[in-house]
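Structure assessment
This is what each chain is made of:
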Amino acid sequence: MKFRPILPRVLALCLALALAPVPAWAEAQPVSTPTAAAQTEDQVLQEVTARVKARLGLDTAAYTSFQGWAEEDLLTGARWTLSWSGEGTELTIRADRAGKVYSLDRYEGSRTVASWGVRGQLDIPRLPEDRSDAALAAAQAFLDKALDGAVERCALEAQGGLSLRQSDYSFGGVLQLYGLPSPIRCQVTVRGSDLAVTSFWRSDSYGGYLPEIAHPTPAVDEAGARAALGSTLKMEARYVLDPGGKTAQVRYLPAAGDSYYVDGATGELVDLTQLYEKLAGGDRGGGMTAGSADMNAAAPEAGEAPAEDSLSQAEREGAAILEGAMDKAALDAAVQAAWPQMGLGEYTLSSAAYSVLDREDGGHDVSCRLTYTRQRGQVVQTKRVVADAKTGAVTRLTSTRSYRGEGQDSYAVSTSLTAAQATAQAALAPFAGGNAEKVALADSREAKAGESWEHRFSFQHTAGGYFYPDNCYTLGVDGTDGTLSRLEGEFDEGVVLQVPTQVVTPEEAAKTYLAAMAAPYRYLEVPVALDLAGEELAPLLRDAGYAYLSALKPGYVLAQPEGAAVE
């Protein structure tokens, strides 16, 4: 069975953890070096090891043991792990075929630690010697060796301050490619006692991007890019909680919507959200999660009951917390009786998981998560209900559906948005209680065949015509059968909404906000078609489950000005 194409945001997150300036499979091999096919693994290991030692200036004579192995990926090619060890010391480095270093970890069991006091009649704590400047110099010198100096630069800055227990210094910075900031970050840790680098990490250690070879002269300047991005900016007035207080006041913030960037090479305004959706080619779910217990299986035969005298007082008190909790059958019956609109009668109760939560008043709440499943053809539907185990009151409902075949879930939406809203509105009061009178419909999302199977409605705390989104109930209705699919929400009754007497227009707010924002020219993560990987690699990437690749492209996005915050 082939892997399913990964959801766009999940794939983007995975690739964001691994931004490679040049994929290993795209790097040219030196003419004098035999090709990988002509070399044995031990020969390649020796070659990589020699290159890494030369790059970092390593002296490994003190180590008595060494191992190395490669992990190969379609995007990055082979990345080698080199591991040295000796008496009480270990060194591990991750590098590619060219000797480019992606991470380093050094451990020495007998390392010298800082002295925290003066032994004698008094143990007086004292500040450690400040070696931060020397440590920064050592970290920067190491990083200059580890990076590809022709392409990469990174200026390190201290992370954290001095403390009485400090023995290491940590530094971090943003990697620049061809002089432009990128999404890649580097971090170096230096031991204070001898200024040795004990740890190095860069965020492109795994996975890869398709980068630009070098950034072009931008087709538009920052002012032009900010103007183009400003045309997509929509402001929304809503309540924002005052820091440290319980009063919320109306503020303008950018409304949720698509993300845009301005391509530096062309000056084109690009809708990143639509680009992700286009290249992803639709949403495909995976199979069910394995490992759920079969609750209908026969229970093991009961043996002789243990003597009650074997329980301690603490164990007896702990067991008393569950007194009055319903078993799964009684709880299932209570939930189905109270919420017939969930349609649980057509599902099988597949698992029940109890949990105990401590309250601030010293008491305890006992909840239970009931998992219901059913299969219709190749589609598996799951509903998870969280309820108070002693009262049966439902506190949460979520639903998922997944397709287990080789094709794609082709669901039909048979319940209209209007009918779904009526179902959600009827369920609001029993779920939200008295808070239902304080909320109103703030947003809705319609189910559409091939895009989403769930109608979703957001009811938010409101006063004076403005919404406070932190006090919110989200209800969902399955568009394929009209049953409730989601009940979620939080409401802090202590928050007071301060209704404003005068509010500026959204256009005025957008103008003020845009003027305060920056749009720096930098490398950005952009999805690109698999075809850019080449005729040989693209089919392999498709078979491996990739829907698209991510590239580093120079461009502009709206961002907070450096060293300032825009509110």
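Residues numbered from 1 in each chain as written. Predicted model: local features only at pLDDT ≥ 70, side-chain atom pairs only at ≥ 80, totals over all residues. Heavy atoms only, no water.

**Things to note about the overall build of the chain**
Secondary structure summary: the chain contains ten helices and 25 strands in total. Out of the 567 residues in the chain, the part that is buried amounts to 38%. Taking the contacts inside the chain whose residues are at least 6 apart along the sequence as the reference set, 60% of them involve residues at least 24 apart. (Helix = DSSP H or I, 4+ residues; strand = E, 2+ residues; numbered from the N terminus. Buried < 20%, exposed > 50% of the residue type's maximum accessible area, 1.4 Å probe, protein only. Contact = heavy atoms within 4.5 Å.)

**Describing the pattern of salt bridges**
Tallied over the entire structure, the rule returns 19 salt bridges. Notably, a salt bridge pairs Arg202 with Glu152, separated by 2.9 Å at the nearest N-O pair. You can see Arg202 sitting in strand 9 (residues 197-202) and its partner Glu152 sitting in strand 5 (residues 152-153), a full 50 residues away along the chain. For the pair formed by Arg202 and Glu152, the shared burial category is buried. Sharing partners across several salt bridges, the network here consists of Arg396, Glu454, Arg456, Arg486 and Glu488. (Salt bridge = Lys/Arg side-chain N within 4 Å of Asp/Glu carboxyl O.)

**Comments concerning the pairing of strand 21 (residues 466-478)**
Relative to strand 21, strand 20 (residues 454-463) is paired through ten bridges, and the arrangement is antiparallel. Along strand 21, the bridge assignment pairs His455 with Val477. The sheet contact formed by strand 21 and strand 22 (residues 484-490) spans six bridges and is antiparallel. Paired with Cys472 across the bridge in strand 22 is Glu490. (Pairing = 2+ DSSP bridges.)

**Here we look at the packing of aromatic side chains**
Aromatic rings considered in pairs are described by the distance between their centres and by the relative angle of their planes. According to the stated counting rule, one finds seven aromatic pairs in the structure shown. Arranged with centres 6.1 Å apart and planes meeting at 15°, the rings of Tyr473 and Phe491 form a pair that is stacked. A residue pair is termed long-range when its members are at least 10 positions apart, and Tyr473 in strand 21 and Phe491 in the loop between strand 22 and strand 23 (496-498) qualify at 18 residues. Aromatic ring contacts, followed pair by pair, group Phe431, Tyr473 and Phe491 into a single cluster. Just above the ring of Tyr102 sits the side chain of Arg79; from NZ or CZ to the centre is 3.8 Å. (Phe/Tyr/Trp six-rings, centres within 6.5 Å; stacked < 30°, edge-to-face > 60°. Lys NZ or Arg CZ within 6 Å of the ring centre and 35° of its normal.)

**Quick look at the nonpolar core**
Proteins that are soluble and globular tend to have nonpolar side chains buried together. Core analysis: the biggest nonpolar cluster contains 46 residues, and Val52, Leu56, Ile93 and Phe200 have the highest contact counts within it. Discounting chain neighbours no more than four positions away, the residues touching Leu56 are Ile93, Val101, Leu104, Phe142, Lys145 and Ala146. Grouped together as the second largest cluster of nonpolar side chains are 33 residues, Tyr347, Val385, Phe459 and Tyr473 included. (Core = buried A, V, L, I, M, F, W, Y, C linked by side-chain atoms within 4.5 Å.)

**Quick word on helix 2 (residues 41-56)**
With 16 residues, helix 2 extends 23 Å from end C-alpha to end C-alpha; this agrees with the ideal 22 Å at 1.5 Å per step. Taken together, the buried positions of helix 2 are Val44, Leu45, Glu47, Val48, Thr49, Val52 and Leu56. Directly beyond the C-terminal end of helix 2, a positive phi value near 65° is found at Gly57. (Expected span 1.5 Å × (residues − 1).)

**Re the confidence of the model for the chain**
Looking at the chain, pLDDT values average 81 and 80% of them are 70 or higher. Considering only residues more than four positions removed or in separate chains, one finds that residues 1-37, a stretch of pLDDT under 50, has 95 contacts. Within the model, pLDDT remains below 50 along residues 111-122, and this stretch shows 16 contacts once partners closer than five positions in the same chain are excluded. (pLDDT = per-residue confidence, 0-100.)

**Thoughts on the state of the cysteines**
This structure, assessed with the given rule, holds zero disulfides. Of the cysteine sulfurs around Cys154, a residue in no disulfide, the closest is that of Cys186, at 4.3 Å. (Disulfide = S-S within 2.5 Å.)

**Observations regarding the environment of Ala338**
Within the secondary structure, Ala338 sits in helix 7 (residues 328-338). The exposure class of Ala338 is partly exposed, given its relative accessible area of 48%. Taking the C-alpha atoms as reference points, Ala338 and Pro430, 92 residues apart in sequence, are found 9.3 Å from one another.

**Points about the pairing of strand 12 (residues 247-254)**
Bridge count between strand 11 (residues 235-241) and strand 12: seven bridges; the pairing is antiparallel. Bridging across to strand 12, Leu241 finds its partner in Ala248. The pairing of strand 12 with strand 23 spans three bridges and is classified as parallel. The partner of Gln249 across the bridge, within strand 23, is Gln498.

**Looking at the environment of Pro254**
Position of Pro254 relative to the elements: it lies in strand 12. Aside from chain neighbours lying at most four places away, what touches Pro254 is Leu233, Lys234, Met235, Arg238 and Tyr513.

**A few points about the environment of Pro430**
Here Pro430 is to be found in helix 8 (residues 417-432). On the basis of relative accessible area, Pro430 is assigned to the exposed category, the value being 52%. In this structure, the C-alpha to C-alpha distance between Pro430 and Trp339, residues 91 residues apart in sequence, is 9.4 Å.

**Section: unusual backbone geometry**
With phi around 50°, Tyr178 is a residue other than glycine that occupies positive phi space. Tracing the chain through its elements places Tyr178 in the loop between strand 7 (168-177) and strand 8 (180-191). If you check the backbone angles, Leu195 has positive phi at about 60° while not being a glycine. Structurally, Leu195 is set in the loop between strand 8 and strand 9. Judged by relative accessible area, which is 23%, Leu195 ranks as partly exposed.

**Let's talk about helix 8**
The end-to-end C-alpha distance of helix 8, which contains 16 residues, comes to 21 Å, matching closely the 22 Å that a straight helix rising 1.5 Å per residue would cover. Here helix 8 has its buried residues at Ala420, Ala424, Ala427, Leu428, Phe431 and Ala432. Check the buried side of helix 8 and you find it contacts strand 18 (394-403), strand 19 (439-445), strand 20, strand 21 and strand 22. Positive phi appears at Gly433, one or two residues downstream of helix 8, with a value of about 65°.

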